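A look at the structure
Residue-level listing of the chains:
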Amino acid sequence: MPERPARRTDGVTVHKFGGASLADARALQNALSIVEKGDRPAVVVVSAFAGVTDSLLSLVRDLSAGNDSAVRRTIGDLESRYETAARAVVRRGADRQRLLRLIDAAFAELEALTRAPLLLRELPPRAVDRLLATGEELAAQVFAAGLSARGVAATYVSALDLVVTDGKAGQASPILPATDRKVRRILRPCLQKRRVPVVPGFIGAGPEGRVTTLGRGGSDLTATLLARALGARAVFLWKDVPGFLTADPRVVPDARVIPQLNVREAAELAYYGAKVLHPRALIPIARRVPIFVRPFDRP
């Protein structure tokens, strides 16, 4: 039986901000401004800040090697980075203190890992997924608080309540019908109240409710999953490039933007190594929702 298209949610747009577009406080303010000035209704998907996932993976390696000084240094650097971002986007008051307490609690939990016996520090894949999720979850919390501080009605929504996966650690696949139902049930009321949901990318929940990750670059996939479920008008992927290019600009200086691609062409470019788009990001939406790749520094 052919699948019934999702009923459109009043022209909703989905904005996904990758790590490069959240590299520092200035970039974060720019991303917040894009959403603040953009159309409504809108949903925002947020990656971890640039380099955070790599730092967390190095933390896992140092933890298993017993290199506690390196672990504590990484935790301290990351905590300082998130606190700086929080202070930049929420200037004062109880909201700022709540956000700082949330960041402190998350990194205290990571620091506690260094007190475990060495034989218990070889983290299984599921535990690594839980640890990596910290980067996206905190980034989305900071982003939602930043929107609220600008007077935009925004709500943090956990991806664990929306994205249902097969539970495969490190490279989970979304279960589309179950994800569709959860997204519609949770996000539609939020959008009808004219609030902007802010969702962490890259993660979902397996059959037992445990955190699973969708693979590197999986925030693109999160964005298209939400767009599919909501029958979105468009998806905007905010990147550090102006679109799909004819070649790698680091190798070919005169590489040009390809103005338009169909789904198959974009999927093939992604599959064969174009890092603009997650290779699986086009699967949920087929030909239903246009995707725009936009440079965050020239919105």
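Along every chain, residues carry numbers that run from 1 in the direction the sequence is written. Under the rules for a predicted model, residues below a pLDDT of 70 receive no local features and side-chain atom pairs below 80 are neither given nor counted, while totals for whole chains, interfaces and linings still include all residues. Side-chain measures were taken over the full set of non-hydrogen atoms in the model, leaving aside hydrogen atoms and water.

**Some thoughts on the confidence of the model for the protein chain**
Parts of the prediction with low pLDDT should not have their coordinates interpreted in detail. Put simply, the rule reads: Here pLDDT means the predictor's own confidence in every residue, given as a number from 0 to 100. Residue contacts follow a heavy-atom distance rule, with two residues in contact if any of their heavy atoms lie within 4.5 Å.
The share of residues in the protein chain with pLDDT of 70 or more is 92%, and the mean pLDDT across the chain is 88. Below a pLDDT of 50 lies the segment residues 1-5, which in the model reaches three contacts outside its immediate sequence neighbourhood of four places, other chains included.

**Some thoughts on the sheet that holds strand 1 (residues 13-17)**
Just so we agree on the cut-off: DSSP-based pairing: two strands are paired if at least 2 bridges between them are found. Put simply, DSSP H or I for four residues or longer makes a helix, DSSP E for two residues or longer makes a strand, and each gets a number counted from the N terminus. Each axis is a line fitted through C-alpha atoms, and for a helix only the stretch in contact is used; angles between axes span 0 to 180 degrees, taken between their N-to-C directions.
The sheet built from six strands is open, its strands ordered 3-4-2-1-7-8 with parallel pairing. Each edge of the open sheet carries a strand with a single partner, namely strand 3 (154-156) and strand 8 (291-295). The sheet shows a mean angle of 20° between the axes of neighbouring strands, taken without regard to direction. The pairing of strand 2 (residues 42-46) with strand 4 (residues 196-200) spans three bridges and is parallel. Across the sheet, the residue bridging to V46 is P200, located in strand 4. Each of strand 1, strand 2, strand 4 and strand 7 (234-239) is contacted by helix 1 (residues 25-37), which is oriented at about 175° to strand 1, the strand it contacts most.

**Observations regarding helix 6 (residues 176-192)**
Spelled out, the test is: An expected span of 1.5 Å times one less than the residue number is assigned to each helix. At any given residue, the bend is defined as the angle formed between two axes, one fitted to the seven residues that end at that position and one fitted to the seven that begin there. The buried label applies to any residue whose accessible area, calculated with a 1.4 Å probe on protein chains only, is under 20% of its type's maximum; exposed applies above 50%, and partly exposed to all values in between.
In this model, helix 6 (17 residues) spans 23 Å end to end at C-alpha, consistent with the 24 Å of a helix rising 1.5 Å per residue. At R184, helix 6 is bent by approximately 30°, the largest bend along its length. For helix 6, every residue scored as buried is listed here: A178, T179, D180, V183, L187, R188, C190 and L191. Immediately downstream of helix 6, the backbone of R194 shows phi near 65°, a positive value.

**As for the packing of helix 3 (residues 68-89) against helix 5 (residues 125-149)**
Selection criterion: An angle counts as roughly parallel when it lies under 35 degrees, as roughly antiparallel when it exceeds 145, as roughly perpendicular when it falls between 65 and 115, and as oblique in every other case. Put simply, a crossing is left-handed when the front helix is turned counterclockwise from the back one by less than a right angle, and right-handed when it is turned clockwise. Side-chain classes follow a simple rule in which Ala, Val, Leu, Ile, Met, Phe, Trp, Tyr, Cys and Pro form the nonpolar group, Asp, Glu, Lys and Arg form the charged group, and the remainder, Gly included, forms the polar group.
For the pair helix 3 and helix 5, interaxial distance at closest approach is 9 Å and the crossing angle is 15°. The orientation of helix 3 relative to helix 5 falls into the category roughly parallel. Here helix 3 runs over helix 5; the crossing is right-handed. Contacts from Y82, A85, A86 and V89 in helix 3 reach G135, L138, A139, V142, G146 and A149 in helix 5. Considered class by class, the residues forming the contact of helix 3 with helix 5 number eight nonpolar, two polar and no charged.

**Brief notes about the nonpolar core**
A general tendency of soluble globular proteins is for nonpolar side chains to be buried together. Selection criterion: Nonpolar cores were defined as sets of buried Ala, Val, Leu, Ile, Met, Phe, Trp, Tyr and Cys residues, with membership established by side-chain atoms within 4.5 Å.
Grouped together as the largest cluster of nonpolar side chains are 82 residues, with contacts concentrated most on Y82 and F143. Looking at which element gives the most residues to this core, the answer is helix 5, with 12 residues.

**Considerations on the packing of helix 3 against helix 4 (residues 93-111)**
Taken N-terminus to C-terminus, the directions of helix 3 and helix 4 make an angle of 170°; their axes are 10 Å apart at the nearest point. For the element pair helix 3 / helix 4, the angle class is roughly antiparallel. On the side of helix 3, the interface is formed by R72, I75, L78, E79, Y82, E83, A86 and R87, while helix 4 contributes R96, L99, L100, I103, D104, F107, L110 and E111. In terms of residue class, the contact of helix 3 with helix 4 is built from nine nonpolar, no polar and seven charged.

**Examining the packing of aromatic side chains**
Stated formally: Classification of ring pairs uses Phe, Tyr and Trp, with its six-membered ring standing for Trp, and accepts pairs whose centres are within 6.5 Å; under 30 degrees between planes counts as stacked, over 60 as edge-to-face, and the remaining range as tilted.
All told, the structure shown has six aromatic pairs when counted by the stated rule. Their ring planes at 40° and their centres at 6.0 Å tell us that Y82 and F107 sit as a pair that is tilted. Taken together, the residues Y82 in helix 3 and F107 in helix 4 connect sequence positions 25 residues apart. Grouping residues by exposure puts Y82 and F107 together as buried. By way of ring pairs, the aromatic residues F17, F143, F236, W238 and F292 are connected into one cluster.

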